[in-house]
Amino acid sequence: MDSAPSDGSGDIPLAPFKILIAGGLGAGKTTLVGAISEVRPLHTEEALTQASVGTDDLTGVGRKTTTTVAMDFGRLTMGTHLVLYLFGTPGQERFWFMWDELSFGALGAVVLADTRRLGDSFPSVDYFERRGLPFIVAINCFDGAPRYDAEDVRIALDLGPRVPAILCDARKRHSVKQVLITLVEHVLASKVKNGSGSAPDPADSKSTTDPVGSEPATGSAGSERAIDATDSGTIREAADSGTTPDLTNSAAPQPTSSGSAPHPADSETAPDPLSSAPGGAPVPARRQWPGQELG
Amino acid sequence: MPTGDKWVDRNAGPVVRPYALTGGRTEPASGAVLDVITVIVATTWAQETDDWLDLSPEHRRILGLCRRPVTVADVASTTALPLGVVRVLLADLIMQGRITARAGRPVGEEPSAALLKEVLHGLRAL
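Predicted model only: the values in this text are computed from it and were never measured.

S.K.: Help me understand the packing of helix α1 (residues 29-36) of chain A against helix α6 (residues 173-193) of chain A in this model?
M.R.: Two measures define how a pair of helices packs: the angle their axes make with one another and the distance between the axes. Residue and element names in this part refer to chain A. Viewed as axis vectors pointing N to C, α1 and α6 meet at an angle of 100 degrees, and their least axial separation amounts to 8 Å. It follows from the interaxial angle that α1 and α6 lie roughly perpendicular. In contact with Leu-32, Ala-35 and Ile-36 of α1, α6 contributes Arg-173, Val-176, Lys-177 and Leu-180. Of the residues belonging to the contact of α1 with α6, the class tally is 5 nonpolar, no polar and 2 charged.

S.K.: How should I be thinking about the packing of helix α3 (residues 96-103) of chain A against helix α4 (residues 122-131) of chain A in this particular structure?
M.R.: Residue and element names in this part refer to chain A. Packing of α3 against α4 brings their axes to within 12 Å, and their N-to-C directions diverge by 45 degrees. By the criterion of interaxial angle, the relationship of α3 to α4 is oblique. Crossing hand, α3 versus α4: right-handed. Contacts between α3 and α4 involve Trp-96, Trp-99, Asp-100 and Ser-103 from the former and Pro-123, Ser-124, Tyr-127, Phe-128 and Arg-131 from the latter. Its residues placed into classes, the contact of α3 with α4 shows 5 nonpolar, 2 polar and 2 charged.

S.K.: Before we go on, may I ask you to explain the environment of Ala-113 of chain A in this structure?
M.R.: Following the sequence through the fold, Ala-113 of chain A ends up in strand β5 (residues 108-114). Each C-alpha atom, one on Ala-113 of chain A and one on Val-137 of chain A, is 6.8 Å from the other, the two residues being 24 residues apart in sequence.

S.K.: How do you make sense of the nonpolar core when you look at a structure like this?
M.R.: Core analysis: the largest hydrophobic core is formed by 63 residues, its most contacted members being Phe-87, Phe-128, Phe-135 and Val-137 of chain A together with Leu-90 of chain B. Element by element, the count of residues in this core is highest for helix α4 (residues 83-95) of chain B, at 6 residues. Those residues in contact with Leu-90 of chain B that sit more than four places away from it in its chain are Leu-34, Ile-40, Ile-62, Cys-66, Val-72 and Ile-99 of chain B.

S.K.: When you look at the pairing of strand β6 (residues 135-140) of chain A in this model, what are you seeing that I'm missing?
M.R.: For a regular strand, side chains alternate in direction, first toward one face of the sheet and then toward the other. Residue and element names in this part refer to chain A. Across the 6 residues that make up β6, a large majority, 6, are buried. Neither face of β6 is left uncovered, since the one carrying Phe-135, Val-137 and Ile-139 and the one carrying Ile-136, Ala-138 and Asn-140 both have all their residues buried. Pairing analysis gives 6 bridges linking β5 to β6, with the strands arranged parallel. Following the sheet pairing, Ala-109 is matched in β6 by Phe-135. Regarding the hand of the β-α-β motif, the stretch spanning β5, α4 and β6 is right-handed. By the bridge criterion, 4 bridges tie β6 to strand β7 (residues 165-168) in an arrangement that is parallel. Note that in β7 the partner of Ala-138 across the bridge is Ile-166.

Cut-off values and rules
- Residues numbered from 1 in each chain as written.
- Chains lettered and ligands numbered in written order.
- Predicted model: local features only at pLDDT ≥ 70, side-chain atom pairs only at ≥ 80, totals over all residues.
- Heavy atoms only, no water.
- Axes fitted to C-alpha atoms, helices over the stretch in contact; angles between N-to-C directions.
- Helix = DSSP H or I, 4+ residues; strand = E, 2+ residues; numbered from the N terminus.
- Parallel < 35°, antiparallel > 145°, perpendicular 65-115°, else oblique.
- Contact = heavy atoms within 4.5 Å.
- Nonpolar A, V, L, I, M, F, W, Y, C, P; charged D, E, K, R; others polar.
- Left-handed = near helix turned anticlockwise from the far one by under 90°.
- Core = buried A, V, L, I, M, F, W, Y, C linked by side-chain atoms within 4.5 Å.
- Buried < 20%, exposed > 50% of the residue type's maximum accessible area, 1.4 Å probe, protein only.
- Pairing = 2+ DSSP bridges.
- Right-handed = clockwise from strand over helix to strand, strands pointing away.

Here it is as structure tokens:
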């Protein structure tokens, strides 16, 4: 049904991918996205969800029922048709209505962690675990922040054995590049593990590499640092409560001609509230390692 | 972000509330909601023979951007319109036959291992 445009791109269709960059306030999401791509703001004007009603202070706002949320949005073009879209999403629970949509069909996610406020990463980690979206944890090495072994952070965050945790410097392009490579390798590896791919396993062992090296870069740690983590009171148990995507739709099938409806492919995953997220997003099977209790 | 206590220009927020641009509609007319990375492109008809007189300035602007394949996120970011608004306007244009959501990998479908490797190579080559 396409009336093919004369856009010079020939027959190669644009292949866009979504990658979520999650993390608490001030963890360096903007810096990370900016280190590897041009950052542009992307606004959403959304209805307030049940979850946010308790959180957002509406005193004096009267009947305000929508809220404007800006997220960082980076676009990374590779070759003629591959485009990676990086979405820096606010890490607080009340923004999950955006996450539900963004994580639908996403390639994977990076949880950017700050060792000084590791607790801020819990909601993100929980979310992706529940959602079944492949993710890695990138520990942003801020100047002056205590340096931990990636392995310590893995234990502190109670990560599954296969979730890569790496150190990074969100200001450095090469480091951010390594973060993205680690993520894609992880996605590929979990795909192979699921038997849905045919490729030989390249790199499941990447887990504790340190792309930053031990060079403790000096310089401005980014202005984000100044912000205090005032609205990050959400810790693990918060994960249960509010995911009431108010966007009824987000996952509606594309009007494509191919007629292949989105299929909630595997039913192996335990039924959890998130797998019935809008439109029945496919939930990859690998989750639920033994001994990992989710919130 | 507002600096000091004066909110001027864009800092003060849009002069017109976003959904005024859609006539108050918050749901796409077609009922189908486009994903942020759905690729859209103007139809040949819209590009070559259509006259845009019946379109609002926002519709025109969006249609102009769709001369080449773009994603919903691209459109929202370039026009600085909220995603929800862009979706409503895009749905209008789709129903008018002026743009199409382009066939490709359906957004909800897992990418193949081959495609992932291509991404990996692309990243390494950056």
